[in-house]
Each structure stands twice: as C-alpha cells, then as structure tokens.
Amino acid sequence: MIRTVVILSGGLDSTVCLAEAVASSDAVIALSIDYGQRHAVELQRARAIAAHYGVEHIEQRLDLSAWGGSALTDTSIDVPTAADAAAGGAGIPITYVPGRNLVFLSLAVALAEARGYDNVSIGVNALDYSGYPDCRPEFIASFRATAALALRTAIEGNPVDVVTPLIDMSKAQIVRRGVELGAPLALTWSCYRGGDAPCGDCDSCVLRAKGFSDAGVVDPAL
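Residues numbered from 1 in each chain as written. Predicted model: local features only at pLDDT ≥ 70, side-chain atom pairs only at ≥ 80, totals over all residues. Heavy atoms only, no water.

Enquirer: Break down the pairing of strand β2 (residues 27-34) for me, with residues and values.
Expert: Counting buried residues in β2 gives 8 out of 8 residues, a clear majority hidden from the surface. Traced from strand β1 (residues 3-7) through helix α1 (residues 12-24) to β2, the parallel crossover comes out right-handed. In this structure, β2 lies alongside strand β3 (residues 56-61), joined through 6 bridges in parallel fashion. Bridge assignment links Ile33 to a residue of β3, and that residue is Gln60. For the handedness criterion, the β-α-β arrangement of β2, helix α2 (residues 41-53) and β3 is classed as right-handed. (Buried < 20%, exposed > 50% of the residue type's maximum accessible area, 1.4 Å probe, protein only. Helix = DSSP H or I, 4+ residues; strand = E, 2+ residues; numbered from the N terminus. Right-handed = clockwise from strand over helix to strand, strands pointing away. Pairing = 2+ DSSP bridges.)

Enquirer: I'd like a rundown of the nonpolar core, residues and numbers included.
Expert: If you look at soluble globular proteins, the nonpolar side chains tend to sit buried side by side. Judged by nonpolar contacts, the single largest core of 39 residues is most densely connected at Val5, Leu105 and Val120. Sorting the residues of this core by element identifies β1, β2, α4 (100-115) and α5 (137-150) as the ones contributing at least two each. At 6 residues, the largest contribution of residues to this core is made by α4. Each residue touching Val120, except ones within four places of it in the same chain, is listed here: Val5, Ile7, Leu105, Ala108, Val109, Ala112, Val160, Asp161, Val162 and Val163. (Core = buried A, V, L, I, M, F, W, Y, C linked by side-chain atoms within 4.5 Å. Contact = heavy atoms within 4.5 Å.)

Enquirer: Please set out the pairing of β1 residue by residue, giving values where relevant.
Expert: Of all 5 residues in β1, 4 are buried; the element is thus mostly enclosed. By the bridge criterion, 3 bridges tie β1 to strand β4 (residues 119-121) in an arrangement that is parallel. Note on β4: the bridge partner recorded for Val5 is Val120.

Enquirer: An account of the sheet that holds β2 is requested, with residue identities and associated values reported.
Expert: Pairing is parallel in the open sheet, where 5 strands are placed in the order β3-β2-β1-β4-β5. In this open sheet, the two strands that pair with only one neighbour each are β3 and β5 (161-163). Strand-to-strand, the axes of this sheet are offset by a mean angle of 25°, without reference to chain direction. Contacting β1, β2 and β4, α1 crosses the sheet at an angle of about 170° to β1. Lying over the sheet, α4 contacts β1, β2, β3, β4 and β5, oriented at roughly 145° with respect to β2. (Axes fitted to C-alpha atoms, helices over the stretch in contact; angles between N-to-C directions.)

Enquirer: Go over the pattern of salt bridges, please, and point to the residues and values.
Expert: By the definition in use, this model includes 13 salt bridges. Between Arg144 and Asp161 there is a salt bridge; the shortest N-O distance is 3.0 Å. Residue Arg144 is located in helix α5, and its partner Asp161 is located in strand β5; the two are separated by 17 residues in the primary sequence. For Glu156, the salt bridge is made with Arg152, and the minimal N-O distance between the two is 4.0 Å. In this pair, the class of Glu156 matches that of Arg152, namely exposed. Overlapping salt bridges, with partners in common, bring together Glu20, Arg177 and Glu180 in one network. (Salt bridge = Lys/Arg side-chain N within 4 Å of Asp/Glu carboxyl O.)

Enquirer: How would you explain α2 if you had to name every residue and give the values?
Expert: With 13 residues, α2 should cover 18 Å at 1.5 Å per step; its first-to-last C-alpha distance of 19 Å lies within 8% of that length. Listing the buried residues of α2 in full gives Val41, Glu42, Leu43, Ala46, Ile49, Ala50 and Tyr53. In this fold, the buried residues of α2 make contact with α1, β2 and β3. (Expected span 1.5 Å × (residues − 1).)

Have a look at this one:
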C-alpha cells in the first residue's frame, strides 16, 4: 500500500503531481501552505483541485510575509515582468521566497510521519526552475538524506521518501502529462501577481504560456 502526501500549491506543476499520486497511490493527502503569498488565489484553486479528486486537503497557515525579502510575500516589492527578470541576469530572482521549499518539505515529511504515509511529492523542476536554489536536484537529494536522519520512522526502517515526478520534464512535457492524466488544468493558477486574471507577463505566466504553446495545447484556464 502506497500513501503519498502531495504539496499542492494550486499551480500547474503541483496539480500534475497530485494527478500522478492519485493514479499511483492507495491514499493521498494534499497539503497546501498559506504563507502570506500575494497570489493567495492559488489557495482557492488548490481547494477546488483537491475537491475534484476527493482527497483529504490540509491547509496549513504559516505567514512568511513577516520575513519579507521576496516579491511574493512583500507587497512593497514589485513582481518583475519576465523581460525585467531576464534583464537582471542569471542571479536568483526577487520572486524567490527564502527557504520556502525547505520549510514546506519539513512540514510535509512531518505530516507523512504522523499519518504513517510513505512519500512526499513535490513539483520541483530542474529545467524551468527560474533560478530558485530550492528546486535543484542537489537540494532534494540532500533533504531526502536529512529527513532519513531526522524522522523516527526512518530510524525504525521506514523512511519517508521525497519524490519529484516532474524533475526532468520540460514545461511542455508537464502539460502533456497533465492532459494524459486528465488533470483539471483549467482550475490551476500560475500568476505571481494574483488578481482576478493572470497578468500574462510575470515570469511564471510566461513559462506557463510557453509550456502550453510548445505542447500544442490550448490553456483551458484562460
């Protein structure tokens, strides 16, 4: 029996991860984090996606806006356009949230241990990862090893694994996989700015549009 906790943001990648888990696991919990993100509309989408699949959905409040340091949590910092971000060079973009995936994975493996679940699934991607250090394969491998040292279940011989089904996929491949799995892509949200409709020019919107275009699929969320 395979049981999986999926970190579900309400975006494209995490929704495809949830679809993968539902297809391959005997039990699934979707974990969403309300971290004070300016695009909180993604949490509404996460609720709808979890309801679509009929899986247990846990929404954890963890307000990272008190930390600042990111355009996603500090409304005094503008979300750059994709063009502005590209012009800024190869550095880590201002939309990076300090330690976000490190914190999220820590919560997720703790939940998995508490519930007796086997895996945590996260939709990180090594190809279209926007320069975020906590989306790299090296980070995931390191965290997996750390979790094996930190959890009681691991000491008892049942470590919680961290799985990354999208790690080597392009955005177009992720879109195609979502279509193959019948994932509710129309419910997903990617825009960093939030609002009533995607802005179309932030880095996340541009990556999403390119993925759908390269896949030859019309984005059903537009």
